Amino acid sequence: MVQPEYEQSRQKQLEENRKRMEALNLPQLSQALRQFSPGLKTPPMKQRKPRTLEKKMVPVRRSDRLSGKPGPVYLEVDVDRYDRVTIPRRVSKARDLSNRVYASEEERSYSIKRAEEVQAALDATHPSFVKPMLPSHVSGGFWLGLNASFCKRHLPSRDSEVTLIDEDDEEYPTIYLPRKTGLSGGWKGFAVAHDLADGDALVFQLIKPTAFKVYITRASGFKKTAA
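- As recorded in an unreviewed UniProt entry, the protein goes by TF-B3 domain-containing protein and comes from Kalanchoe fedtschenkoi.
- For the record of the protein, the UniProt heading Subcellular location (unreviewed entry) holds the text "Nucleus".

Next comes the structure, spelled out in structure tokens:
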């Protein structure tokens, strides 16, 4: 059987390669290498010891100008978010509101009229206004809203301490809130100390930029005059 041409060419190439290897003595070298190196083993990986970090106390770096002086001491302080003023709490006497009576229209009108008479007799160089009392002013929330136009003209535009001075010249610090044009902290102490009731009327006379002289007219006086 005649072999194909490409097969004859391949056989010829193989024979030439075999002769070149014999000429270079490559078969004997390969056999000798296998005898002296029966197997190559990969050396095991070297295990590393975990690093230990040593903590040291080092001095804080300071400028040469401050190096010889003691370090600063910091204290925690509470900062009011709105920078509001605060006043110490005044211990007020307890009130019994179980027998609370609401004023009649006649009693309200009487106290307001008497307050307007007191206001008319005051020095006109000091601005003033009349404020009738409601249940929310003298019990429960103890919040006193003031005349808005008066506040905008005469009182500070930021939270401030406003002092109320009664007819005996005793002073009561309160907190004035311009955003709400009223008195908050401290007003309860004044109301309880003077036993204010629904229907009473107060005259506020601004004698200083942040101080009111306060005059009180009682709704209960109506019954005395009627009797």
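### A few points about the confidence of the model for the protein
Then, number 1: Across the protein, pLDDT averages 78, with 64% of residues at or above 70.
Then, number 2: By mean pLDDT, helix H2 (residues 26–36) is the weakest element of the protein at 64, and strand S7 (residues 211–217) is the strongest at 97.
Then, number 3: Here residues 77–83 is modelled with pLDDT under 50, and outside its nearest four sequence neighbours on either side it reaches one contact, counting other chains as well.

### Details of the pairing of S7
Then, number 1: Among the seven residues of S7, seven are classified as buried, and the element is accordingly described as predominantly covered.
Then, number 2: In the sheet, strand S6 (residues 201–208) pairs with S7 via seven bridges, with the strands oriented antiparallel. What sits directly across from Gln205, in S7, is Lys213.
Then, number 3: Joining the antiparallel neighbours S6 and S7 is a turn of two residues.

### Here we look at the environment of Pro156
Then, number 1: In this fold, Pro156 is placed in the loop between helix H5 (148–154) and strand S3 (160–165).
Then, number 2: Judged by relative accessible area, Pro156 falls into the partly exposed class, the value being 22%.
Then, number 3: Not counting chain neighbours up to four residues away, the residues in contact with Pro156 comprise Tyr176, Pro178, Pro209 and Thr210.

### Describing the pattern of salt bridges
Then, number 1: Enumeration according to the criterion identifies six salt bridges in this entry.
Then, number 2: For the salt bridge of Arg179 with Asp159, the shortest nitrogen-to-oxygen distance reads 3.4 Å. Pair noted here: Arg179 is in the loop between strand S4 (171–177) and strand S5 (182–183) and Asp159 is in the loop between H5 and S3, with a separation of 20 residues, a long-range link.
Then, number 3: A salt bridge links Asp169 to Lys213; the shortest N-O distance between them is 2.6 Å. Note that Asp169 is positioned in the loop between S3 and S4 and Lys213 in strand S7, a separation of 44 residues in sequence.
Then, number 4: Under the relative-accessibility criterion, Lys213 is labelled buried at 13%.

The rules behind the values
- Residues numbered from 1 in each chain as written.
- Predicted model: local features only at pLDDT ≥ 70, side-chain atom pairs only at ≥ 80, totals over all residues.
- Heavy atoms only, no water.
- UniProt positions renumbered as here; feature names shortened; annotations may be inferred.
- pLDDT = per-residue confidence, 0-100.
- Helix = DSSP H or I, 4+ residues; strand = E, 2+ residues; numbered from the N terminus.
- Contact = heavy atoms within 4.5 Å.
- Buried < 20%, exposed > 50% of the residue type's maximum accessible area, 1.4 Å probe, protein only.
- Pairing = 2+ DSSP bridges.
- Salt bridge = Lys/Arg side-chain N within 4 Å of Asp/Glu carboxyl O.

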